[in-house]
Amino acid sequence: MSKLDEIYRLHRLLDGRRTGLPRAALIAEHGFSRSTLTRLIADLRDRLGAPLIHDSERGGYRYDTADGSHALPGLWFTPAELQALVTLKYLLANLEPGLLDDHLRPLQTRIDKLLDSNHLGAGEAAQRIRILAAAARQKNLRHFQTIAGAVLQRRRLKIDYYNRERDEIGTREISPQRLAHYRDNWYLDAWCHDKKGLRIFAVECIRAAIPLEKAAKNIAESTLNRELASAYGIFAGQPVATAVLRFTPKRARWVADEIWHPQQQSRWLEDGRYELAVPYSDDRELLMDILKYGAEVEVVAPEALREAVKNQLDVAAGQYRQGKAAGSGFGPGH
């Protein structure tokens, strides 16, 4: 527990009490050590200006106010709250310039003021906490405002959508359901009226978005979660198989603390390896995540996924077995 959490905990015990709290009770019943309690009392009194007194007639420590209540000054955040605040600032700052400006500028201003407060290091939080966009793609979000408006106003859209896999653009009529920010990229969950089903669209691949005067078809959140969020990663569909992965004892020290899927199952093997089972509907994203661990992971099941990983590794190894015969085209003289 952080120092801030401890201050809050002591404050909550004292706030609003008309009788005092004995030091012995704070130590024995509430788990404060003697040294920690002494430090927290000093912090409340000296650094935060709390009217904290020891009143022997009323039985111990209390706030010296009419009703025993006291509001801590300034703005205080737990580590989780601070992370959420900085993350929100990052998301707002990385929308394309001009997107939702009229709506979000006041929120951006308020967040900046919060992060600039003295209790958050007078602006240090924004500079001292980094959020790295490791897999973010080049953004083309000029239609984000139109899409977000359709999501919130429950209107249909006519979109031109670029399919990277087929390298072609098609026109769809969709009922937007919700926006998702996943691995530093924006996605739109929507009902496709042309395909008569739920689909996930990468927002940067939407080349045109025209609002329609038709109400959007509403899909229950439980259905959205079942159809779009029950399998591994961003690919839609209910799970068709469960991947069973075994990590080396060394790599297990990292992977054992990771959440790959809400319904994952795991266990430690006697030889120190870590076994992870995750449901999936489409193996494309799962394949990329498996391959980045190289020789430190083995696919145990299903056989089709095991074979797919083996084939990818064989192709990769083949490129290196060819040596430098073809030359790289780079280096001295190029």
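You'll find the structure just up there.
Residues numbered from 1 in each chain as written. Predicted model: local features only at pLDDT ≥ 70, side-chain atom pairs only at ≥ 80, totals over all residues. Heavy atoms only, no water.

Asks: Even after reading the chapter, I still don't get the packing of aromatic side chains, so can you show me in this structure?
Replies: This structure, assessed with the given rule, holds six aromatic pairs. Judged by centre distance (5.0 Å) and plane angle (80 degrees), the rings of Y161 and F201 are edge-to-face. On the criterion of sequence distance, the pair formed by Y161 in strand β3 (residues 155–163) and F201 in strand β6 (residues 197–202) is long-range, its members being 40 residues apart. The residues Y161 and F201 share a single accessibility class, namely buried. Summarising the aromatic geometry, the rings of W260 and Y293 are spaced 6.1 Å apart at their centres and angled 25 degrees between planes, so their arrangement reads as stacked. Of the two residues, W260 sits in the loop between α9 (249–255) and β9 (265–268) while Y293 sits in the loop between α10 (283–291) and β11 (297–301), which places them 33 residues apart along the sequence. (Phe/Tyr/Trp six-rings, centres within 6.5 Å; stacked < 30°, edge-to-face > 60°. Helix = DSSP H or I, 4+ residues; strand = E, 2+ residues; numbered from the N terminus. Buried < 20%, exposed > 50% of the residue type's maximum accessible area, 1.4 Å probe, protein only.)

Asks: So what exactly am I meant to see when it comes to the pairing of strand β5 (residues 185–192) here?
Replies: As a general feature of sheets, a regular strand has side chains that alternate between the two faces. With eight of its eight residues buried, β5 lies for the most part within the structure. With burial as the criterion, each face of β5 is covered, one bearing N185, Y187, D189 and W191 and the other bearing W186, L188, A190 and C192. Following β5, the chain reverses through four residues before pairing antiparallel with β6; K196 in that reversal takes a positive phi of roughly 55 degrees. (Pairing = 2+ DSSP bridges.)

Asks: Hey, could you run me through the nonpolar core in this one?
Replies: Considering soluble globular proteins, one finds that nonpolar side chains tend to be buried as a cluster. Grouped together as the largest cluster of nonpolar side chains are 21 residues, with contacts concentrated most on I147, I159, Y161, I174, L188, F201 and I206. Listing elements by their share of this core, those giving two or more residues are α7 (144–153), β3, β5, β6 and β7 (206–215). Not counting residues up to four positions away in its chain, the partners in contact with F201 are I159, Y161, R172, I174, W186, Y187, L188 and A190. Formed by 19 residues, the second largest nonpolar core is a distinct cluster that contains F247, Y280, L287 and I290. (Core = buried A, V, L, I, M, F, W, Y, C linked by side-chain atoms within 4.5 Å. Contact = heavy atoms within 4.5 Å.)

Asks: I keep staring at the packing of α10 against helix α11 (residues 303–321) and nothing clicks. Help me out?
Replies: Each pair of packed helices gets described by two things: the angle between the helix axes and the distance between those axes. The contact between α10 and α11 brings their axes to 11 Å, and the two run at 55 degrees. It follows from the interaxial angle that α10 and α11 lie oblique. The handedness of the crossing between α10 and α11 is right-handed. Of the residues in α11, those touching α10 at D283, L286, L287, I290 and L291 are L305, A308, V309, Q312 and L313. Of the residues that constitute the contact of α10 with α11, the class distribution is eight nonpolar, one polar and one charged. (Axes fitted to C-alpha atoms, helices over the stretch in contact; angles between N-to-C directions. Parallel < 35°, antiparallel > 145°, perpendicular 65-115°, else oblique. Left-handed = near helix turned anticlockwise from the far one by under 90°. Nonpolar A, V, L, I, M, F, W, Y, C, P; charged D, E, K, R; others polar.)

Asks: How should I be thinking about α10 in this particular structure?
Replies: Residues spaced three or four apart along an α-helix face the same direction, because each turn holds 3.6 residues. Buried within α10 we find E285, L286, L287, D289 and I290. Turning to α10, the residues buried within the fold contact β4 (168–182), β8 (241–247), β10 (274–280), β11 and α11.

Asks: Would you take a moment to explain the pattern of salt bridges for this structure?
Replies: A side chain with one charge may pair with a side chain of the opposite charge, provided their charged atoms come close. What the rule picks out here adds up to 19 salt bridges. For D55, the salt bridge goes to R58, with nearest N and O atoms at 3.8 Å. With a shortest N-O distance of 2.8 Å, R284 and E165 are connected by a salt bridge. Here R284, found in helix α10, pairs with E165, found in the loop between β3 and β4; they are 119 residues apart in sequence, far enough to count as distant. By relative accessible area, which is 35% here, R284 ends up partly exposed. One network of salt bridges, with partners in common, ties together D55, R58, R62 and D64. (Salt bridge = Lys/Arg side-chain N within 4 Å of Asp/Glu carboxyl O.)

Asks: Can you help me understand the packing of helix α1 (residues 3–14) against helix α3 (residues 34–47) in this one?
Replies: Where α1 contacts α3, the two axes come as close as 10 Å, and the packing angle between them is 80 degrees. Classified by the interaxial angle, the pair formed by α1 and α3 is roughly perpendicular. Every residue of α3 that contacts α1 at K3, E6, I7, L10 and L14 is listed here: T36, L37, R39, L40, I41, D43, L44 and R47. Counted by class, the contact of α1 with α3 contains seven nonpolar, one polar and five charged residues.

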